[in-house]
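Observations on chain architecture
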Amino acid sequence: MSQNATVNSNSFPSGRPVVFRNATVLTIDPSLGMIESGDVLVIDNRIAEVGRQLVVPENAVEIDASGGILMPGMVDTHRHMWQTALRGFGADWTLTNYFMFYYINWGKIFRAEDIYAGNLLSAIEAVDSGVTTTVDWSHGLQTVEYADAAVDALEAVPGRFVLAYGNLLGAPWEWTKAPEFADFIRRRIDGRGEMLGMQLAFDVTGDPAFPEKAAFEVARDFNLPVTTHAGVWGATNDNGIRLMHEHGFMTPSTIYVHAATLSDDSYHRIAATGGHASISAESEHNAGQGYPPTWMLRRHNIPVSLSMDTSVWWSADLFSAMRATLSADRSREHMEAHKQNETVMLSHLRAEQVVNWATLGGAQALGMDSFIGSITPGKKADLVLIKNDHSPVMFPILHPYGHVVFQAGRGDVHTVMVNGKVVKYDHQLLDVDLAKAKQAVMKTIEYAQSKMGEQAWNESMNPEKAAVKYIDNPYKYTEREHDTSAQNESSQES
Ligand SMILES: [Zn+2]
């Protein structure tokens with residue numbers, strides 16, 4: 001197809017095979033590795049063949065992938081999609097600001113339609129940036145009507161999703177027992193197959209009475225994986241892990257989000273029971289759950305997946321996640337070495353490993369690696385073509401894994417395929433109603449602003465600044481015209 005052709009859903013009629021031609025293919029399949037000038041043929045919703053100069057059916061639609069990198073669709077294992085309605089609102093928050101805003105003050109004002117609005121925009125954003133599978137860590141589901149709204153939005157977007165059902169305003173041992181909860185699973189999840197999965201999302205406080213036990217039992221009864229924020233400084237800790245372990249609720253399907261502030265003993269328990277971590281490095285850097293722990297997880301042989309957490313604060317594309325993860329890991333290796341007066345001579349974590357975490361690692365964490373996560377013949381065709389002929393950054397491509405992590409960005413996502421269907425081509429989304437999502441989010445913002453009032457809205461978005469105190473300088477600081485509050489404070493004290 002020519003670059004200038006008007007693209008619409010008719011460009012890729014269903015039933016016609018699609019072949020990607022002449023890409024650098026990162027299969028993430030250990031037996032296939034990387035294929036230069038590679039082709040990938042998709043028939044129906046599956047990857048039919050991977051190789052060079054493939055002979056394809058006559059009616060196949062050809063996508064010119066030359067100059068591009070073709071990789072598996074990315075997998076985000078933890079995103080609070082409903083919070084996308086307030087995108088960027090919490091840019092200057094700490095975790096305490098976040099808890100105050102959603103858990104204490106304002107979480108309760110959000111309505112089912114607000115969950116729908118945030119989810120819809122977030123789901124579109126995910127697909128647009130090449131994240132073909134997203135876990136919607138949906139902890140604003142105050143009633144089942146909210147959960148219906150969440151799923152309505154996910155179903156309106158051609159991505160693969162997992163609803164991690166949660167309610168930050170309720171007790172998990174109560175809401176999981178409600179008859180309408182079981183009914184919801186029957187109505188909205190059962191029979192949806194591989195496009196919509198479900199997990200149970202709740203945190204374990206470490207209360208010695210272990211009230212969460214009942215919620216874990218519900219998860220076991222419904223065969224639902226549990227995803228839990230574990231090792232979050234000031235919120236969850238080793239006691240939660242120990243209680244889960246002692247009661248037999250740590251399983252290979254359990255996902256430990258952040259897993260940052262934990263002891264070796266907790267890591268041993270996670271490793272021994274086969275669980276997976278979900279690391280949101282941008283989040284851990286900024287909010288304060290603890291240092292992004294991949295440098296430690298690698299030593300404990302705990303499998304890693306990546307996530308973006310929430311775009312009320314941060315970006316929501318996995319390019320940012322890969323970059324932040326690799327930077328955090330290497331930064332820590334250097335810092336630890338410097339403490340011993342040593343120099344890191346060889347990098348431990350490689351770009352290739354991080355691309356693996358963003359794709360196959362996520363699929364493995366979700367138990368979906370039998371059908372997604374790599375470009376393997378027979379798997380479902382979830383693919384991302386990173387290609388941008390107008391960008392100076394997409395040339396030259398010498399180290400393709402490093403290129404994905406450090407050079408490319410969401411603006412370079414040219415084509416996205418989910419379950420064999422082209423949902424984005426030539427940088428344009430197909431069959432996606434972005435205007436509708438924008439309108440819904442605008443209504444949520446208007447509503448939240450009027451409900452909170454102007455003062456609370458502004459104060460929540462712009463929390464008080466922490467004071468900076470200058471270090472005593474024996475040479476005296478340079479006087480400057482534009483005094484900052486920090487200088488004022490320092491001069492007051494001197
Ligand atoms: Zn989270």
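The rules behind the values
- Residue positions are given per chain, counted from 1 along the sequence in the order it is written.
- Given that this is a predicted model, residues contribute local features only at a pLDDT of at least 70 and side-chain atom pairs are listed and counted only at 80 or more, while totals for whole chains, interfaces and linings are drawn from all residues.
- Note: side-chain values were computed over all heavy atoms of the structure, leaving out hydrogens and water.
- We call two strands paired when DSSP finds no fewer than two bridges between them.
- Runs of H or I in DSSP of at least four residues are treated as helices and runs of E of at least two as strands, each being numbered from the N terminus.
- Between N-to-C directions, angles cover 0 to 180 degrees, with each direction set by a line fitted to C-alpha atoms, over the stretch in contact for helices.
- By definition in these notes, contact holds between two residues if any of their heavy atoms fall within 4.5 Å.
- Buried means the residue's accessible area, taken with a 1.4 Å probe over protein chains only, is under 20% of the maximum for its type, while exposed means over 50%, and partly exposed covers the values in between.
- Crossover handedness is defined by viewing with both strands directed away from the observer: a clockwise path from the first strand over the helix to the second marks the crossover as right-handed.
- As used here, the term nonpolar core means buried Ala, Val, Leu, Ile, Met, Phe, Trp, Tyr and Cys residues forming a set that is joined through side-chain atoms within 4.5 Å.
- Sites may look incomplete because water is not among the atoms; the donors themselves are N, O and S atoms within 2.8 Å of the metal, or within 3.2 Å for Na, K and Ca.
- Think of it this way: with four donors and all angles in the 85 to 135 degree range, the site is tetrahedral; with four or six donors, opposite ones beyond 155 degrees and the rest between 65 and 115, it is square planar or octahedral; otherwise it is irregular.

**Observations concerning the sheet that holds strand E12 (residues 276-279)**
Pairing is parallel across the open sheet formed by eight strands, whose spatial order is E6-E7-E8-E9-E10-E11-E12-E13. The open sheet terminates on both sides in strands that have one partner only, identified here as strand E6 (74-79) and strand E13 (304-306). Recorded for the sheet is a direction-independent mean angle of 25 degrees between the axes of neighbouring strands. In the sheet, strand E10 (residues 226-230) pairs with strand E11 (residues 255-258) via four bridges, with the strands oriented parallel. Note that in E11 the partner of Thr228 across the bridge is Tyr256. Across the face of the sheet, helix H3 (residues 144-155) comes into contact with strand E7 (131-138), strand E8 (160-165) and strand E9 (196-201) while running at roughly 170 degrees to E8.

**Looking at the pairing of E10**
Side-chain direction in a regular strand flips from residue to residue, so the side chains alternate between the two faces of the sheet. The buried fraction of E10 is high, at five of five residues. Of the two faces of E10, the one carrying Val226, Thr228 and Ala230 and the one carrying Thr227 and His229 are both buried. In this sheet, E10 lies alongside E9 in parallel orientation, the contact comprising two bridges. Note on E10: the bridge partner recorded for Leu200 is Val226. Taking the sense of rotation as the criterion, the β-α-β connection linking E10, helix H7 (residues 238-246) and E11 turns out right-handed.

**Observations concerning the nonpolar core**
One finds Tyr102, Tyr165, Phe184, Leu306 and Met322 to be the most contacted residues of the largest nonpolar core, which totals 115 residues. Considering every element that reaches this core, the biggest residue donor is helix H2 (residues 112-128), with ten residues. When neighbours within four sequence positions are excluded, Leu306 is seen to be in contact with Val75, Asp76, Thr77, Ser278, Ile279, Leu318, Ala321, Met322, Thr325, Val354, Trp357 and Ala358.

**Observations regarding the coordination of the zinc ion**
Ideal values for angles at a metal depend on the geometry: 109.5 degrees with four tetrahedral donors, 90 or 180 degrees with six octahedral donors. The zinc ion binds to the protein through His78 (NE2), His80 (NE2), His229 (NE2) and Asp309 (OD); the donor distances cover 2.0 to 2.5 Å. Coordination at the zinc ion comes from four donor atoms whose angles at the metal span 81 to 171 degrees, giving a geometry best classed as irregular. One chain supplies every donor to the zinc ion, and in sequence these donors are spaced H-x1-H-x148-H-x79-D. You can see His80 sitting in the loop between E6 and helix H1 (95-106) and its partner His229 sitting in strand E10, a full 149 residues away along the chain.

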